[in-house]
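Chain and residue survey
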Amino acid sequence: MPLSDFLMKKYSFPPLSNPDATVLILGTMPGEQSLAANQYYGNPRNAFWKILFTLFNTPFSTNYSERKSLLLENSIALWDVLEVCIRPGSLDSAIVQEVANDIDSFLKAHPNITHIYFNGQKAATYFKRYIKLEKDYQLTTLPSTSPAHAGKSFDAKLKEWTIINPEYLL
């Protein structure tokens, strides 16, 4: 990998949310395919969208507008813990020189959020390192939906992610 790839800063996307959001899902930082597509969870092998469509009993779609609508209609906000970092490739373990997003201001602007879910351990780790909450939230770390997290099957991940929509019955 050329040195220029290693030194290039990568930036997260703006948050996806409605003012009435009650849930916030936080990833770490978009991967290469997501950045190239300019879409959250743009890697077709990432299970995030398949899990969410399944949880809300909605036919799966690859249309990004429909994907965003699914979240917004269910009062779910989506963002990343990190605003910028240097990372060759897409692995969270390769992140250096990270800077966190202003999640505190986001939460103040979204007072109905009561639950924060982390898409993987790294998102939770960075959150705990950089974010100091001024009020209590229910914090839950879920298994990463990344294809790099192959230690759990789709069904095993889905089972843990059902906490987001307890009305979904396996």
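Structure report, in brief. (Residues numbered from 1 in each chain as written. Predicted model: local features only at pLDDT ≥ 70, side-chain atom pairs only at ≥ 80, totals over all residues. Heavy atoms only, no water.)

What follows covers helix α4 (residues 64-73). Listed in full, the buried residues belonging to α4 are Tyr64, Arg67, Leu70 and Leu71. Down the axis of α4, the buried set is contained in an arc of 120 degrees. They therefore lie on one face. Two or three places before serine 65, at the start of α4, stands the capping residue asparagine 63, its side-chain oxygen 2.9 Å from that residue's backbone nitrogen. (Buried < 20%, exposed > 50% of the residue type's maximum accessible area, 1.4 Å probe, protein only. Helix = DSSP H or I, 4+ residues; strand = E, 2+ residues; numbered from the N terminus. Arc of directions from axis to C-beta. Polar contact = N/O pair within 3.5 Å; in protein donor to acceptor, adjacent residues only side chain to side chain.)

What follows deals with the sheet that holds strand β6 (residues 115-119). Strand order in the open sheet made by the four strands is β3-β2-β6-β7, with parallel pairing throughout. At either margin of the open sheet sits one strand with a lone partner, and together these are β3 (76-80) and β7 (138-142). Shown here is a sheet whose adjacent strand axes are inclined to one another by a mean of 20 degrees, direction ignored. Bridge analysis of β6 against β7 gives five bridges, and the strand direction is parallel. (Pairing = 2+ DSSP bridges. Axes fitted to C-alpha atoms, helices over the stretch in contact; angles between N-to-C directions.)

This part takes up helix α6 (residues 121-130). Within the sequence span of α6, burial applies to Ala123, Ala124, Tyr126 and Phe127. Within α6, the buried residues cover an arc of 165 degrees as seen down the axis, which keeps them to one side. Facing away from the buried surface of α6 by more than 90 degrees, the exposed residues are Gln121 and Lys128. Buried residues in α6 make contact with β2 (23-27), β4 (82-86), β5 (96-100), α5 (103-109), β6 and β7. (Contact = heavy atoms within 4.5 Å.)

What follows covers the packing of helix α3 (residues 48-55) against α4. With their axes 11 Å apart at the nearest point, α3 and α4 run at an angle of 55 degrees to one another. Between α3 and α4, the angle falls in the class oblique. The element α3 and its partner α4 pack so that their crossing is left-handed. Between α3 and α4, the contacting residues are Phe48, Trp49, Leu52 and Phe53 on the first element and Tyr64, Glu66, Arg67, Lys68, Leu70 and Leu71 on the second. Of the residues in the contact of α3 with α4, the class split is seven nonpolar, no polar and three charged. (Parallel < 35°, antiparallel > 145°, perpendicular 65-115°, else oblique. Left-handed = near helix turned anticlockwise from the far one by under 90°. Nonpolar A, V, L, I, M, F, W, Y, C, P; charged D, E, K, R; others polar.)

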